[in-house]
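# Close look at the chain arrangement
Listed below are the residues making up each chain.
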Amino acid sequence: MKKRKILIAGNWKMYKTPQETREFLEELKSKVSSITQINIAVCPPFTSLIVAKQILEGSNIKLGAQNVFYEEEGAFTGEISCKMLKDAGCEFVIIGHSERRKYFQEDDTLINKKIKAVLKHSMKPIFCIGETLQEREENKTFEVLNIQLEEGLRGISIEDMKNIVIAYEPVWAIGTGKTATSSQAQEAHRFIRDYISKKFSSSLSEEVIILYGGSIKPHNIKELVSQEDVDGGLVGGASLSIDSFVSIIQNSIL
Ligand code: PGA
């Protein structure tokens with residue numbers, strides 16, 4: 001038995017219109033309705049959230065968003081606030097995904113502000129961290145993870161830490177078909193849990209959900225979630241088709 005309840009979350013990225021969302025979630029809902037052993041979530045684009053909320057109400061599938069701005073409201077053209085996401089039914093918000101760090105210049109300071117805003121609005125950040133291929137090859141993985149954790153979690157209380165999900169996503173494994181081996185994932189997850197134990201508390205570190213992300217597929221999820229410190233997955237590409245997402249969900253029930 002796993003110590004923590006596994007979470008499988010789909011990160012749809014910039015895919016699916018509201019109509020496509022409706023069709024997908026109606027089918028997903030019926031296919032996974034009897035699953036209670038693990039937690040399931042989907043993170044569609046903003047324009048699909050309301051439709052998703054309506055379909056998922058009362059189901060065992062939770063809803064998340066992929067980004068947010070930290071200000072309460074105001075003249076911030078193009079941005080979405082926490083209040084809006086909460087109202088749209090979100091329980092989770094992905095923060096600091098490597099694509100946002102790379103293409104939208106999000107840095108650790110901004111990510112820290114977003115994490116705090118999400119917590120303030122009683123939602124759970126899925127805080128993404130991970131090293132690039134170059135950093136791994138230069139043996140800097142743990143140094144990089146340490147900085148991302150230190151900066152991203154600056155000023156976070158023990159109480160708040162209970163509501164943060166961490167996603168370890170090695171940048172070199174995202175969308176590339178290259179998955180970290182289960183031992184590479186376990187090693188990084190152990191490092192993250194040890195960090196939480198040192199900075200917060202050891203009992204809290206045993207509760208925090210740490211997801212793996214990066215080329216999760218139906219055939220590799222079981223071995224990943226069998227690792228002691230891997231509590232589930234943040235799934236990109238393979239969460240977009242019903243068959244593969246449902247298989248991933250089923251294969252992660254140990
Ligand atoms: P991938 O994406 O599963 O397509 O590699 C994972 C992610 O970016 O969260």
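Check the entry above for the structure.
Per-chain numbering applies: the sequence of each chain, read as written, is numbered from 1 onward. Confidence filtering applies because this is a predicted model: local features only for residues at pLDDT of at least 70, side-chain atom pairs given and counted only at 80 or more, and all residues used for totals across whole chains, interfaces and linings. Side-chain measures were taken over the full set of non-hydrogen atoms in the model, leaving aside hydrogen atoms and water.

## Details of helix H5 (residues 108-120)
Within an α-helix, residues lying three or four positions from one another point in the same direction, as the helix has 3.6 residues per turn. Counting from the N terminus, the helices are the DSSP runs of H or I reaching at least four residues and the strands are the DSSP runs of E reaching at least two. Each helix should span, by expectation, one fewer than its residue count multiplied by 1.5 Å. Its 13 residues give H5 an end-to-end C-alpha distance of 18 Å, which sits within 8% of 18 Å, the value for a rise of 1.5 Å per residue. When we look at burial in H5, the residues that qualify are Asp 108, Ile 111, Asn 112, Lys 114, Ile 115, Ala 117, Val 118 and Leu 119. Note on contacts: a residue pair qualifies if any of its non-hydrogen atoms lie within 4.5 Å across the two residues. Looking at the buried residues of H5, the elements they touch are helix H3 (82-87), strand S4 (92-95), helix H4 (98-103), strand S5 (124-129), helix H7 (141-152) and helix H8 (158-161). Among the residues trailing H5, Ser 122 stands out with phi positive, at a value near 55°. To sort residues, take the accessible area from a 1.4 Å probe on protein chains only and compare it with the maximum for the residue type: under 20% means buried, over 50% means exposed, and anything in between is partly exposed.

## Looking at the site of the ligand
Near is defined per residue: the residue qualifies when any heavy atom it owns lies within 4 Å of the molecule or strand. Near the ligand lie 13 residues; those nearest to it are Lys 13, His 97, Glu 169, Gly 175 and Ser 215. Here an oxygen atom of the ligand and a backbone polar atom of Gly 175 are 2.7 Å apart. Polar contact criterion, stated in full: a pair of N or O atoms within 3.5 Å, where within protein one must be able to donate a hydrogen and the other to accept it, and residues adjacent in sequence count only if both atoms are side-chain atoms. A distance of 2.8 Å separates an oxygen atom of the ligand from a polar atom in the backbone of Ser 215. In isolation the ligand exposes 280 Å². Once the protein is present, 96% of that is buried. Accessible areas in this description were obtained via Shrake-Rupley with a 1.4 Å probe; residue shielding takes into account the shown protein chains only.

## Structural notes on the pairing of strand S7 (residues 210-213)
With burial as the criterion, each face of S7 is covered, one bearing Ile 210 and Tyr 212 and the other bearing Leu 211 and Gly 213. Pairing between strands is defined by DSSP: at least two bridges between the two strands are required. Pairing geometry for strand S6 (residues 165-168) and S7, over three bridges, is parallel. Counterpart to Ala 167 in the pairing with S7 is Leu 211.

## A look at the packing of aromatic side chains
Only rings of Phe, Tyr and Trp enter the pairing, Trp through its six-membered ring, and a pair is recorded when the two centres are within 6.5 Å. The plane angle decides the type: under 30 degrees is stacked, over 60 is edge-to-face, the rest tilted. One pass over the full model with this rule turns up five aromatic pairs. The interplanar angle of 80° and the centroid separation of 5.1 Å between the aromatic rings of Trp 12 and Phe 24 together place this pair among those described as edge-to-face. Here Trp 12, found in the loop between strand S1 (7-11) and helix H1 (18-32), pairs with Phe 24, found in helix H1; they are 12 residues apart in sequence, far enough to count as distant. Taken together, a centroid distance of 5.1 Å and an interplanar angle of 55° make the contact between Phe 69 and Phe 76 tilted. Members of the aromatic cluster, joined through ring pairs, are Phe 69, Tyr 70 and Phe 76. If you follow Lys 16 out to its NZ or CZ, it ends over the ring of Trp 12, 5.6 Å from the centre. The rule for a charge over a ring is simple: NZ of Lys or CZ of Arg within 6 Å of the ring centre, and within 35 degrees of the ring normal. A cation over an aromatic ring shows up here: Arg 100 above the ring of Phe 104, its NZ or CZ 4.2 Å from the ring centre.

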